[in-house]
Amino acid sequence: QVLDNGTATAGGLDEIPENADAAHVTGYHAPGAVGMGRYNEHREGLIFSNGAYPSPTASHDGTTSHAHDDDNDDNDDSSKDEFASSCRDMWASLHQDIATHVLHAIERHLELEHDWFQSTLGPTGTSSQWHLKRYVTPTKTLDTTATEGQNLDSNNEDEDESILWLP
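Residues numbered from 1 in each chain as written. Predicted model: local features only at pLDDT ≥ 70, side-chain atom pairs only at ≥ 80, totals over all residues. Heavy atoms only, no water.

Novice: Explain the overall build of the protein chain to me, please; I cannot follow it from the model alone.
Specialist: Per the secondary structure count, the protein chain includes 2 helices and 5 strands. The order of α-helices and β-strands along the protein chain, N terminus first, is β-β-β-β-α-α-β. In the protein chain, the share of contacts with a sequence separation of at least 24, taken over all contacts with a separation of at least 6, comes to 53%. (Helix = DSSP H or I, 4+ residues; strand = E, 2+ residues; numbered from the N terminus. Contact = heavy atoms within 4.5 Å.)

Rendered as structure tokens:
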């Protein structure tokens, strides 16, 4: 629902600042956000880091906003509570129910000891990063009409209207 508001800032989430520590940041980024790389030129999304989830009251200084076991009820706004609850449910489904079982299956297949990934690489619940993204259709379109003698594939650097369409 936050992404459907057009921008997460309209839904109460602050955008991740361009100088944030990308390895540990939790929050929202808009399509084409500075510091988020070319991959995100047409993607917006939420980033979950190290056991935290985005929150309408989050601080994006690289610290966690809400831990998954947080019982913080400072906010009586039901939509914010619903968002936090949805984040917890999504985390439980993606991390605890799916990813943990996949890692255990890989361990069995490779004949590694149970919880090898957790003990070797650290607890994924507090040392991993998850991204929930959606593609945003570019608003700029190419003019595909040409006047006589005009080449649509012109390499004129002053008028380069090419668009790189990412999958």
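Novice: Teacher, can you tell me more about the packing of aromatic side chains here?
Specialist: Any aromatic ring pair is given by two values, namely how distant the centres are and how the planes are angled relative to each other. The tally for this structure, following the rule as stated, stands at 2 aromatic pairs. Between Trp91 and Trp130, the aromatic rings sit 5.6 Å apart at their centres with planes inclined by 75 degrees, giving edge-to-face as the arrangement. With Trp91 in helix 1 (residues 78–109) and Trp130 in strand 5 (residues 129–135), this pair connects stretches of sequence that are 39 residues apart. The side chain of Arg43 reaches across the aromatic face of Tyr39, ending 4.0 Å from its centre. (Phe/Tyr/Trp six-rings, centres within 6.5 Å; stacked < 30°, edge-to-face > 60°. Lys NZ or Arg CZ within 6 Å of the ring centre and 35° of its normal.)

Novice: How should I be thinking about the sheet that holds strand 1 (residues 27–29) in this particular structure?
Specialist: Picture the strands of a sheet paired through backbone hydrogen bonds; they go either parallel or antiparallel. Spatial strand order, 1-2-5: 3 strands in an open sheet with antiparallel pairing. Because the sheet does not close on itself, it has two edges, and the strands there are strand 1 and strand 5. Geometrically, the sheet is characterised by an average inter-axis angle of 15 degrees between neighbouring strands, direction not taken into account. As paired elements, strand 1 and strand 2 (residues 43–49) share 3 bridges and run antiparallel to each other. If you follow His29 over to strand 2, its bridge partner there is Gly45. Where helix 1 meets the sheet, it contacts strand 2 and strand 5, and its direction lies at approximately 115 degrees from that of strand 5. (Pairing = 2+ DSSP bridges. Axes fitted to C-alpha atoms, helices over the stretch in contact; angles between N-to-C directions.)

Novice: In this structure, what is going on with the pattern of salt bridges? I would like to understand it.
Specialist: Counting across every chain of the model gives 1 salt bridge. Of the charged contacts in the structure, one is a salt bridge between Arg134 and Glu44, with a shortest N-O distance of 2.8 Å. Within this pair, whereas Arg134 is found in strand 5, its partner Glu44 is found in strand 2, the two being separated by 90 residues in sequence. The class of Arg134 is partly exposed, set by a relative accessible area of 28%. You can call Glu44 buried: its relative accessible area is 2%. (Salt bridge = Lys/Arg side-chain N within 4 Å of Asp/Glu carboxyl O. Buried < 20%, exposed > 50% of the residue type's maximum accessible area, 1.4 Å probe, protein only.)

Novice: Even after reading the chapter, I still don't get helix 1, so can you show me in this structure?
Specialist: Working note: α-helix, 3.6 residues per turn, so residues spaced by three or four point in the same direction. Between its first and last C-alpha atoms helix 1 spans 45 Å; for 32 residues at 1.5 Å apiece the expected length is 46 Å, and the two agree. At Ala99, helix 1 shows its largest kink, close to 30 degrees. Taken together, the buried positions of helix 1 are Phe83, Ala84, Cys87, Trp91, His95, Ala99, Thr100, His104 and Glu107. Those residues of helix 1 hidden inside the fold are in contact with strand 2, strand 3 (52–53), helix 2 (116–121) and strand 5. Where helix 1 ends, the next residue or the one after it, Glu111, has phi of about 60 degrees, a positive value. (Expected span 1.5 Å × (residues − 1). Bend = angle between axes of the 7 residues up to and from the residue.)

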